[in-house]
Structure formats: C-alpha cells, structure tokens
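# Chain and residue survey
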Amino acid sequence: MSILEIRDLHVSVDASDRGDEPIPILNGVDLTIKAGQTHAIMGPNGSGKSTLAYSIAGHPKYQVTAGTVTLDGADVLSMSVDERARAGLFLAMQYPVEVPGVSVSNFLRTAKTAIDGQPPKLRTWVKDVNTAMERVKMDTAFSTRSVNEGFSGGEKKRHEIVQLEVLNPKVAILDETDSGLDIDALKVVAGGVNRFREQEDRGVLLITHYTRILRYIKPDFVHVFVGGRIAEEGGPELADRLEAEGYDRYVAAAS
Amino acid sequence: MSVTQDSHDSQDSTDKPAVAGAVETSTKLASHLHPAGSFDLADHPVPNGREEVWRFTPLKRLRGLHDGTFTEGGKGSVEIDAPGEVTVERVGRDDPRLGTVYTPNDRVSAQAWQSFEQARVISVPAEAELERPILVNVTGEGTGPDATFHHLLVDVGAHARATVVVRHQGHAVRAGNTEIRVGDGANLTFVSVQDWDDDAVHLAHLHAEVGRDASYRQALVSIGGDLVRISSSVEYAGPGGEAELLGLYFADAGQHLEHRLFVDHNAPKTRSNVDYKGALQGQGAHSVWIGDVLIRQVAEGIETYESNRNLVLTDGCQADSVPNLEIETGEIEGAGHASTTGRFDDQQLFYLQSRGIDADEARRLVVHGFFADIIRRIGVTEIRDELMRTVEGELERSVGTPLASGGAR
Ligand SMILES: Nc1ncnc2c1ncn2[C@@H]1O[C@H](COP(=O)(O)OP(=O)(O)OP(=O)(O)O)[C@@H](O)[C@H]1O
Ligand SMILES: [Mg+2]
C-alpha cells in the first residue's frame, strides 16, 4: 500500500533572477495520501497550490526550507527529479512544457524505459500508446509531433493524461488538469483519471479551482488551501460549500 | 529585423582591385560585403585583428597563415571516390579552369591560392544523374604546426544532379579554396564535415556560382578542431537560381568555430535560405556566425531568409551572431533574418526529468531535438545517422558540465 506523507512543509521560491531573496510560499503543509484515496486541493489564485505540486516533484526553483516528504517511507526530498518519478510520483502540469524536435513517441518510449528500467515490449508498445491516445480522443498522428509544440491548451492536458496512463505511477498529482477544457474534454480527462484510480494501490492529488471536475472525479477528501497552508479539511461536501460561499471566509481569516 | 541600407557609388565593382579599399572603408558598414578580391597576395594587407572581417578571429591561433610566418610541409591525404561518369583530376596551378569561379577575397584565401601545389577538379557531366554521392575524404596526417594548402574545383554541368560529401579528419593546419560551379538547371548538394582532431586549424573559402534555375544546397558541419573558420559565398550566374545554406556546429571548451556566409543576390528571381544551428559547451567555447546578404539593384523579385540559432549548454561560452542584410532594390518578394541565442531551457529539463528521464538523457533529447530538423534538411541519407551520432558523441563530453543553474534537486 503506497503512502505519500507531507509533514510541515515549508517552501520558498527562488527569486534571484530578480535580485531578490527567496520568497516563502508554503508555510507548513501537512497532508497524507494513501493508496486508494483521492484528495482534492482547492484554493484561490496564488495560494501556493502549484508550488506544493512542484515542490513534491522537485522543481529546482523551489527550495524546501523545512519539513519532510516521504513516499512509502523513502525520503523524496533527497531524490533528484527523475528519481522521484521513478519512485512512483507523477505530476500532470498546469502548463506542460514544449520540447521542440522531440517526438511524442520518442518521448513516451524514453520515459517508459526510464520508469520501468527496461524498454517496453515492442510487440505491444505501439498499440498501448495508441490505445491511451484514443481513450482521451487524441489523434494518434500526435505521436510524430514534437512534444506539446503547437498543441492547444486542451491537447496539452490530454497529452498529460496519456502520460499518466502509459507511465502508470503510484501517486499522481494533477495540477489544474481541468482548466481550459470544454465539457467534452473534461469528461474525457476525468475518464482517464478514473481509470487510473480504479487500479489498486493508486493515490491522486487533484488540484483545482472549480468544483466542476469533482462531479466526474469524486474526491474522498477536500482541502482548502489558503496562504500557503491547508485552512480546512473535509469530505466531498466541503467542495459544495466552497462552490456556494467561495474562499472569502478563509482568505479573510488568513490575512 | 534590422535592415542595413547603403548607397554604393559603383554597381559594377567586379573589375576593380577593391580588396584594400574594402578593408579601409570599414566605416561604411556594408562595404566589406562585396570586395572584388585579388589573386595577388600583396593586395591583401596582413590583418591586425581590428578589420571587420577578422575582428572575431583569434589571429594568434592561425599558426601564421595570415601573416606569412607559417611553416610549410604539412602532411595529409585526399581520397576521392566518385561514380564512373564523374571525372576526377589532379591538375597543376596553370590549369585555365582554376580561378574562374572565385577570386580570393581575404588574406588567408589569397595565401592558399598562392601556396597550393596541385588542385583537384571534380567534373560532373551535363545531365548526369549520380546514383551515389561523390565522397572526398581529407585526412590530416601532420602532428605539428606545418601548413598545407589546397584548391578544389567542383564543376557540375547543366541539368546534372550530384551530391558531394567532404569529410575532414585528423590533424592539420590547412587553408584552401573551393570553387563550385552549378550549371544551369543543375542540382548540387555539397556537404562539408569538419571533424578534425582537437588541435587542428582550418581556414577555408567556398564560393558557389549558381546557374540559371539551378539549385544548390550546402551544409557545413563543424565539430572538431582548435580553430575552424569557413567563409562561404554564393552568387548567381542567371535568374531563377536557389541556394540553401545549412549549417550545424558544436563548439566545445576552447574551440573557435566561425562561419561567414555571404549571399550575393546579383540576379533577379533568385532565392536564398540560410539556416545555421549551433550548440556550445565548456569554458571558452566560441562560435561566430556572420550572415551577410546583399540584394543588388538588378535583383528584383528575389527572396531571402537567414537564421542562426544558438543553444548555450554551459556557462563560459560565447556565441557571436551577426546577420546583415543590405538591400539596394525595393522590388523584392521578401527578405528577413532571425538570430537567437538561448540558454539550455531548465523548464524542458524539468519536464523530461519529471517523467523519469535522467538529466543526461534529457539534455541529449533536447539537443537532439534542437538539431533534428537541420539534419533532416541536409537530406543526405548517407550521412544523417553519422551526424546524429556525431552530435551525440559531442554531448557525451558535456556530461558533468551542466549550467550553473541546471542542477535539478
Ligand atoms: N517562480 C516564481 N517566482 C516568483 N514568485 C513565484 C514563483 N512561483 C510562484 N510564485 C508566487 O508564489 C505564489 C504561489 O504561486 P502558485 O503558482 O503556487 O499559486 P497557485 O495556487 O497554483 O495559483 P493558481 O491558482 O493561479 O494556479 C504566488 O504569489 C506566485 O506569484
Ligand atoms: Mg497553480
């Protein structure tokens, strides 16, 4: 049973490119994601949701100043970015990065080989990739295109879900994978996440602004994220209350 | 886009000994673009490094090729493997065909013209369609500072189709000129790979005359050598010709790789496209790209675009990139240029690593991707894999010297 444990996490963002000192963003985050659970994090713009996601994934811009992150007891913070991925973490990014000249198929094969420690079986590989693409209604012609280059916002998000399906991590962090999607695309993406969840021993951390996606992906827990920490926790009903009342209450309390 | 416009007192400068003048008038920004040249070494003053055409080149490392203090007697071999219908000759200095395409336009080029002993002439008969490339393997067999000089003429007859691949390897201190005539309606792909040993010095001039409705594709690939400086110029013998000048370079620590392009649009309805990509890594890696395009008054309806992109992989590198467009007529289809120098993108590295790909492999993918389109466009299947392998070999060296900000922990 996989378990991702985040304890008292403090994170600053490097602002040296503007000649500034590091800026503290996360102020003590505690969160435990067990296999089989889906946690939703909701919060206003700038509250630090992406910072949390990036910090877990190991983005070099973000410096952990205190706290721990462990996956099945292993110290995640001492791992390099790629080691974290190989340990079973996956981050679907809010803004997926374009990599010109690297084809989607080459990218997926290289990533799969790295995660599994061996090249995928030739016999089934192409079919597996095509199936994953078809499931999110992505034309298989995307295989030959450069990674994310010239993809629409929605196509980038679907491509993240294709990777989720192909790489099949233990814990998936989805950073606003729902934003910028029309309703059909939203259902398609939610379907991908649900297929992932239906497997045994998988955890999901779903970062979102809107309750819309929670109609298709039912969370077990909802966390309200404000000012770089979790301000309140509850079950799915908390999402409904947020929809009705907004974040004002929490923002006022935090400031 | 920065467009340089300049008025010239004379359109017909071809029969003036303009070399000295061109150097002296460097205050007139674009006048160095089209010096007439001279076969006489004395017409080319010894450069002091401040001249426009020499200011990027470390003269101290030229082993005296520029000031006559070089020593002669360098050793090397040239092997040419060509399909049967091609004539390959070794000729004396007095062969009347030599010097009919190109006149030396800088000091080292003139030195090479004065010093070469025998020239090679490769002739492709009119209408021949070669089934395989002509391979020219140049191997430097020297060890010290001794210089070699060479001259090559490639003459492709009307409506012929040919590919020439020149490979340079080994150690050499070498200067030379290559004249290329692409006959009317002919199609020539000319590839030159500079994969010298670390201490080689190579200065070369290539000049192509592109016939009416002819198509010329050139690719210069510079990987190895202490100092490589290649000047490549193109002019047109009639309207309708097109030139595609592609380049790829990979400068390592301490290497100086310089490519100087000059396209002389001296005929109407001609086209040119210059596209160079370079990567740099290691302390003191230096690349220079000069892209000069001259659109003469007669050259109505032409189209030109030039681009140079540099990818800086580590700290301590310098990429100089100077596009220069000089337009003497407004009646053109299009003209433009782009020049970018970017550092290795940490976001790309992070994205790839977040999918489990380790940092070295991720860098390899990104650089691979950076060069992929240019290698594809070179279009010579025989050397495509070889080029990819060469690029990868270069990347192997970069392992352990990432950008200061590239650590992803
Ligand atoms: N690289 C950075 N440089 C400077 N400030 C940053 C950087 N990254 C994040 N921040 C700041 O940290 C705070 C949190 O940003 P973060 O992206 O984590 O918020 P978020 O909750 O994901 O917001 P959104 O809902 O808009 O995606 C913001 O004030 C943001 O400006
Ligand atoms: Mg965000």
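Within each chain, residue numbers correspond to sequence positions counted from 1 in written order. Here the convention is simple: chains get letters from A, ligands get numbers from 1, in the order in which they are written. Since the coordinates come from a predicted model, pLDDT governs what is reported: local features require at least 70, and pairs of side-chain atoms require 80 or more to be given and counted, while whole-chain, interface and lining totals use all residues. Where side-chain values are given, they derive from all heavy atoms of the structure, hydrogens and water being excluded.

A separate point is the overall build of chain A. In terms of helices and strands, chain A carries 8 helices and 12 strands. Taking the principal axes of the C-alpha coordinates as reference, chain A spans close to 55 × 40 × 40 Å. Counting every position in chain A, which comprises 255 residues, the buried fraction comes to 53%. By the convention used here, residues are in contact when the closest approach between their heavy atoms is within 4.5 Å. Counting contacts in chain A only where the partners sit at least 6 residues apart, residues at least 24 apart contribute 70% of the total. Residue-level accessible areas treat just the shown protein chains as cover; the underlying method is Shrake-Rupley with a 1.4 Å probe. When the accessible surface of chain A is split by element, carbon and sulfur atoms take 49% of a total near 11000 Å². Charged residues are defined narrowly, with Lys and Arg counted positive, Asp and Glu counted negative, and His plus the chain ends left uncounted. Working definition for charges: the position is that of NZ of Lys, CZ of Arg, CG of Asp or CD of Glu. Of the charged side chains in chain A, 29 are positive and 36 negative; the average position of the first set lies 5 Å away from that of the second. Only DSSP runs of H or I with at least four residues qualify as helices, and only runs of E with at least two residues qualify as strands; both kinds are numbered from the N terminus onward. Only protein chains enter the accessibility calculation, which uses a 1.4 Å probe. A residue is then buried if its area is under 20% of the maximum for its type, exposed if over 50%, and partly exposed in between.

All names here are of chain A. Any residue with at least one heavy atom within 4 Å of a molecule or strand is counted as near it. Lining the immediate surroundings of ligand 1 are 16 residues, of which Arg18, Lys49, Ser50, Thr51 and His209 lie closest. Here an oxygen atom of ligand 1 sits 3.2 Å away from a polar atom, N or O, in the main chain of serine 47. Residue lysine 49 places a side-chain N or O atom 2.8 Å away from an oxygen atom belonging to ligand 1. A total of 640 Å² of accessible area belongs to ligand 1 in isolation, and the protein chains cover 69% of it. Considering each element in turn, the shell around ligand 1 owes the most residues, 3 residues, to helix 1 (residues 49-57). The residue inventory of the shell around ligand 1, partitioned by class, reads 4 nonpolar, 8 polar and 4 charged. Whenever a nitrogen or oxygen atom comes within 3.5 Å of another N or O atom, the pair is scored as a polar contact, on the condition that within protein one atom can donate a hydrogen and the other can accept it, and that pairs from neighbouring residues in sequence are kept only if both atoms are in side chains. Ten residues, namely Ala, Val, Leu, Ile, Met, Phe, Trp, Tyr, Cys and Pro, are considered nonpolar, four, namely Asp, Glu, Lys and Arg, are considered charged, and the remaining ones, Gly among them, are considered polar.

It is worth spelling out helix 5 (residues 153-167) of chain A at this point. All names here are of chain A. By this rule, a helix spans an expected 1.5 Å times one less than how many residues it contains. In this model helix 5 runs 21 Å from its N-terminal to its C-terminal C-alpha over 15 residues, within 8% of the 21 Å that 1.5 Å per residue would give. Counting buried positions along helix 5 yields 12 of 15 residues, so the element is predominantly enclosed. Among all positions of helix 5, only Gly154, Lys156, Lys157, Arg158, His159, Glu160, Ile161, Val162, Gln163, Leu164, Val166 and Leu167 are buried.

This part takes up the side chain of arginine 229 of chain B. All names here are of chain B. Relative to the assigned elements, arginine 229 resides in strand 12 (residues 227-236). Reaching out from arginine 229, the side chain makes a polar contact with the backbone oxygen of valine 53 at a distance of 2.7 Å. Within the structure, the side chain of arginine 229 is placed 2.8 Å from the side chain of threonine 57, a separation counted as a polar contact. Every residue in contact with arginine 229, bar those within four places of it in the chain, is listed here: Val53, Trp54, Thr57, Asp106, His202, Leu203, Ala204, Glu258 and Arg260.

Here the focus is the interface of chain A and chain B. Tallying the contact residues gives 35 residues for chain A and 21 residues for chain B. The quantity reported as buried area is the accessible area (1.4 Å probe) lost by two parts once they are put together, taken as the sum for both. When chain A packs against chain B, the two sides together hide about 2200 Å² of surface, and 65% of this comes from carbon and sulfur. It is Pro60, Val81 and Val97 of chain A that lose the most area in chain A upon contact with chain B, and together they represent 22% of the buried surface on that side. By salt bridge we mean one thing: a side-chain nitrogen of Lys or Arg within 4 Å of a carboxyl oxygen of Asp or Glu. On the surface where chain A and chain B come into contact, there are 1 salt bridge. For arginine 355 of chain B, the salt bridge is made with glutamate 160 of chain A, and the minimal N-O distance between the two is 2.7 Å. Taken together, the connections running from chain A to chain B amount to 10 residue pairs in polar contact (both at pLDDT 80 or more). Of all the elements in the fold, those that place two or more residues in the side of chain A that touches chain B are helix 1, helix 2 (81-87), strand 6 (89-92), strand 7 (99-103), helix 3 (104-116) and helix 5 of chain A. Counted by class, the side of chain A that touches chain B contains 20 nonpolar, 10 polar and 5 charged residues.

To continue, consider the UniProt feature "domain: SUF system FeS cluster assembly SufBD core" (unreviewed entry) in chain B. UniProt positions are given in the numbering used here, feature names are shortened, and annotations may be inferred rather than shown by experiment. According to UniProt, the "domain: SUF system FeS cluster assembly SufBD core" (unreviewed entry) feature falls on residues 146-370 of chain B. Helix makes up 9% of residues 146-370 of chain B and strand 62%, and the two end C-alpha atoms of the span are 37 Å apart.

All names here are of chain A. Phi angles above zero are rare outside glycine, and aspartate 72 is one such case at about 50°. Positionally, aspartate 72 belongs in the loop between strand 4 (62-71) and strand 5 (74-75). Owing to a relative accessible area of 36%, aspartate 72 belongs among the partly exposed residues under this scheme.

Here we take up the packing of helix 3 (residues 346-353) of chain B against helix 4 (residues 359-378) of chain B. Angle between the axes and distance between the axes: these two values describe a pair of packed helices. Residue and element names in this part refer to chain B. Every axis in this analysis is a line fitted to C-alpha atoms, fitted for helices over the stretch in contact. Angles between the N-to-C directions lie between 0 and 180 degrees. Running from amino to carboxyl end, helix 3 crosses helix 4 at an angle of 125°, the nearest separation of the two axes being 9 Å. It follows from the interaxial angle that helix 3 and helix 4 lie oblique. Where helix 3 crosses over helix 4, the two elements pack in a sense that is right-handed. Contacts between helix 3 and helix 4 involve Gln348, Leu349, Leu352 and Gln353 from the first element and Ala359, Ala362, Arg363, Leu365 and Val366 from the second. When grouped by side-chain class, the residues that make up the contact of helix 3 with helix 4 number 6 nonpolar, 2 polar and 1 charged. By the definition adopted for this analysis, an angle is roughly parallel if under 35 degrees, roughly antiparallel if over 145, roughly perpendicular if from 65 to 115, and oblique otherwise. Helix crossings are classified by the rotation of the near helix relative to the far one: an anticlockwise turn of less than a right angle makes the crossing left-handed, while a clockwise turn makes it right-handed.

For the rest of this paragraph, the subject is the pattern of salt bridges. Overall, the coordinates contain 32 salt bridges over all chains when judged by the stated rule. Across the pair aspartate 275 of chain B and arginine 377 of chain B runs a salt bridge, and its minimum N-O distance is 2.6 Å. Residue aspartate 275 of chain B is found in strand 15 (residues 271-280), and its partner arginine 377 of chain B is found in helix 4; the two are separated by 102 residues along the sequence. The class of aspartate 275 of chain B is buried, set by a relative accessible area of 11%. Across the pair arginine 343 of chain B and aspartate 315 of chain B runs a salt bridge, and its minimum N-O distance is 3.2 Å. Of the two residues, arginine 343 of chain B sits in strand 19 (residues 334-343) while aspartate 315 of chain B sits in the loop between strand 17 (303-312) and strand 18 (318-327), which places them 28 residues apart along the sequence. Relative accessible area serves as the criterion here: at 46%, arginine 343 of chain B is assigned to the partly exposed category. Salt bridges linked by common partners bring Glu232, Arg241, Glu245 and Arg249 of chain A together as one network.

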